[in-house]
Amino acid sequence: PQSNAESVAMIKQTCSVTLALLALLPMLASADRPLRPVNTYSIVARDAATGQLGAAVQSHWFSVGTDVIWAEPGIGAVATQSFVDPDYGPLGLQLMRAGKNAGEALAALVAADAHENVRQVGMVDADGNVANHTGDMAIVEHCEIAGDGFTVQANMMWKATVCDAMVAAYEGGEGDLAERMMLALEAAEGEGGDIRGRQSAAMLVVGGDRSLAPWSGRVIDLRVDDHGTPLVELRRLLTLNRAYNLMNEGDAYLTAGDIEAALAVYSAAEEMVPGNHEMIFWHAVTLAGAGQVDEAMPLFSKAFSMWPRWREIVPRLPRSGILPDDAELIAKILSAD
């Protein structure tokens, strides 16, 4: 039995969802909406261990990530493609935010769409429920496979085996959500991918905490808008993104006064992208600021040789409190070969 308060809460939630649906229907039902042929392959997924939600895509179409992939922390993720209607992204998330699961949200939007027969959509919600839809006029070869907490979908492929390859790569892959989605994209390309070739790719990963603002919950947000080998570039950017996430983590440790932890993650970031002179420089600054000047000097030398203007920045740092206001210290740093 439910209390009166619980009953009232349920009624309010039902009403809010119904009102949301009524507001959305005219937007998708309009018969004169433009059709954009973003034929592609994609994956949406939820990581059960972390709660992270994500979507990733590749296509022979300029800036595919702009319209195709959507995600919101603690709510869900959407990929909308084929003759794409971008509304499926924000409206699908709005319905899931209002309490609908992925299947209910997708069914409602498909029912309201005058052109559902050319759409292809995948959705996942914060509980790991998944749903997909492929209209019967999507360009072959097309496919869709829903798995445990993820769904893959593709159209206008060279081979019909693309989705099978994506599923095998995702389920058999190791690493975090971003890595497994990356493996799925690479597997699709290994099967021949888009029959037209390749041009752009994108990946979006958000956290599982729905209390976070959409912009603060992003873990990965990458776009390769126009490239000869977009997945190769997306892989490079993913590595760089991980390294900079470590740098941000190190900055947080530094702010909290945990120098040892900051130095550990700075070192890990450098190992991931050894040619990045900025990471080397700030690692050196952290060491020097902690009194480990001798350990910092080789790093300063390396950073200065890679980008000489770092020398000009060093004397400016004491004013911001990043280095001690110590003329001897600054002179010693600048003496690095």
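Keep in mind it's a predicted model, so treat the numbers as computed, not measured.

Side note on the environment of Gly 135
For step 1, the next point in the chain: Here Gly 135 is to be found in the loop between strand S7 (130-134) and strand S8 (143-147).
For step 2, the next point in the chain: Those residues in contact with Gly 135, other than ones at most four positions away along the chain, are Glu 116, Asn 117, Val 118 and Arg 119.

Let's talk about helix H7 (residues 230-255)
For step 1, the next point in the chain: Taking 1.5 Å per residue as the helical rise, H7 with its 26 residues ought to reach 38 Å, and the 37 Å between its terminal C-alpha atoms agrees with that figure.
For step 2, the next point in the chain: Buried within H7 we find Pro 230, Leu 231, Glu 233, Leu 234, Leu 237, Leu 238, Asn 241, Ala 243, Leu 246, Met 247 and Gly 250.
For step 3, the next point in the chain: The positive-phi residue at the C-terminal boundary of H7 is Gly 257, with phi of around 85°.

Points about the pattern of salt bridges
For step 1, the next point in the chain: One pass over the structure, following the stated rule, counts 14 salt bridges.
For step 2, the next point in the chain: Here Arg 180 makes a salt bridge to Asp 47, at a shortest N to O gap of 2.3 Å. With a gap of 133 residues between them, Arg 180 in helix H6 (residues 177-190) and Asp 47 in the loop between strand S2 (40-46) and strand S3 (53-59) connect regions that are remote in the sequence.
For step 3, the next point in the chain: The class for Asp 47 is buried, based on a relative accessible area of 8%.
For step 4, the next point in the chain: Linking Glu 179 and Arg 235 is a salt bridge whose minimum nitrogen-to-oxygen distance equals 2.7 Å. With Glu 179 in helix H6 and Arg 235 in helix H7, this pair connects stretches of sequence that are 56 residues apart.
For step 5, the next point in the chain: On the basis of relative accessible area, Arg 235 is assigned to the partly exposed category, the value being 23%.

Concerning the packing of aromatic side chains
For step 1, the next point in the chain: This structure, assessed with the given rule, holds 6 aromatic pairs.
For step 2, the next point in the chain: Note on Phe 150 and Tyr 170: the rings are 4.6 Å apart at their centroids and 45° apart in plane angle, and the pair reads as tilted. Within this pair, whereas Phe 150 is found in strand S9 (residues 150-154), its partner Tyr 170 is found in helix H5 (residues 162-172), the two being separated by 20 residues in sequence. Tyr 170 shares its class with Phe 150; the two are buried.
For step 3, the next point in the chain: Measuring from ring centre to ring centre gives 6.1 Å for Trp 282 and Trp 310, while their planes differ by 80°; the resulting arrangement is edge-to-face. A residue pair is termed long-range when its members are at least 10 positions apart, and Trp 282 in helix H9 (residues 277-289) and Trp 310 in helix H11 (residues 310-313) qualify at 28 residues.
For step 4, the next point in the chain: The buried category is assigned to Trp 310, whose relative accessible area is 6%.
For step 5, the next point in the chain: Put simply, the rings of Phe 281, Trp 282, Phe 300, Phe 304 and Trp 310 pair up and form one aromatic cluster.

Considerations on the confidence of the model for the protein
For step 1, the next point in the chain: Averaged over all residues, the pLDDT of the protein equals 90, while 88% of them reach at least 70.
For step 2, the next point in the chain: Mean pLDDT across the elements of the protein bottoms out in helix H1 (residues 4-29) (49) and peaks in S7 (98).

Describing the nonpolar core
For step 1, the next point in the chain: Counting residues in hydrophobic clusters, the biggest one holds 31 residues, and the most contacted among them are Tyr 41, Ile 43, Met 166, Tyr 170, Met 181, Met 203 and Leu 234.
For step 2, the next point in the chain: Those elements that place two or more of their residues in this core are S2, S9, H5, H6, strand S10 (200-206), strand S11 (218-224) and H7.
For step 3, the next point in the chain: Within the second largest apolar cluster, 22 residues are counted, among which are Val 293, Phe 304, Ile 333 and Ala 336.

A word on the packing of H7 against H9
For step 1, the next point in the chain: Remark: H7 packs on H9, axes separated minimally by 12 Å, with the N-to-C direction vectors making an angle of 15°. As the angle between them shows, H7 and H9 are arranged roughly parallel. Considering how the two elements wind past one another, H7 and H9 form a crossing that is left-handed. Contact residues: H7 offers Ala 243, Tyr 244, Met 247 and Leu 254, while H9 offers Glu 278, Met 279, Trp 282 and Thr 286.

Description of the sheet that holds S11
The pairing of strands in a sheet happens through backbone hydrogen bonds and is either parallel or antiparallel.
For step 1, the next point in the chain: A sheet is described by the order of its strands in space; here 6 strands give the open sequence S8-S9-S2-S3-S10-S11, paired in antiparallel fashion. Single-partner strands in this sheet number two, and they are S8 and S11. Adjacent strand axes in the sheet meet at a mean angle of 5° when their direction is disregarded.
For step 2, the next point in the chain: The pairing of S3 with S10 spans 7 bridges and is antiparallel. Paired with Ser 59 across the strands is Ser 200, a residue of S10.

A few points about the pairing of S8
For step 1, the next point in the chain: Judged from the 5 bridges that link them, S8 and S9 form a sheet pairing that is antiparallel. Counterpart to Ile 145 in the pairing with S9 is Val 152.
For step 2, the next point in the chain: Counted between consecutive antiparallel strands, the loop separating S8 from S9 contains 2 residues, among which Gly 149 sits at a positive phi close to 80°.

Conventions we followed
For every chain, the first residue of the written sequence is number 1, and numbering continues from 1 along that sequence. The predicted origin of the model limits local features to residues at a pLDDT of at least 70 and limits the giving and counting of side-chain atom pairs to 80 or more, whereas totals for whole chains, interfaces and linings rest on all residues. As a convention, hydrogens and water are excluded, and side-chain values are obtained from all of the structure's heavy atoms. What counts as a helix is a DSSP run of H or I of at least four residues, what counts as a strand is a run of E of at least two, and both are numbered from the N terminus. Here, two residues are considered to be in contact whenever any of their heavy atoms come within 4.5 Å of each other. Helix span is expected to be 1.5 Å times the residue number reduced by one. Burial classes: relative accessible area under 20% of the type maximum marks a residue as buried, over 50% as exposed, and values in between as partly exposed (1.4 Å probe, protein chains only). Whenever a carboxyl oxygen of Asp or Glu lies within 4 Å of a side-chain nitrogen of Lys or Arg, that contact is scored as a salt bridge. For this analysis, a ring pair means two rings from Phe, Tyr or Trp (six-membered ring only for Trp) whose centres lie within 6.5 Å, classed as stacked if their planes differ by under 30 degrees, edge-to-face if by over 60, and tilted for the remaining angles. You can read pLDDT as the predictor saying how much it trusts each residue, on a scale of 0 to 100. Among buried residues, those of type Ala, Val, Leu, Ile, Met, Phe, Trp, Tyr and Cys that are joined through side-chain atoms within 4.5 Å constitute a nonpolar core. Fitting a line to C-alpha atoms yields each axis, with helices limited to the stretch in contact; the angle taken between N-to-C directions then spans 0 to 180 degrees. Any angle that falls under 35 degrees is termed roughly parallel, while one over 145 is termed roughly antiparallel, one within 65 to 115 roughly perpendicular, and all others oblique. Crossings are sorted by hand: turned counterclockwise from the far helix by less than a right angle, the near helix makes the crossing left-handed, and turned clockwise it makes it right-handed. Between any two strands, pairing holds if DSSP finds at least two bridges.

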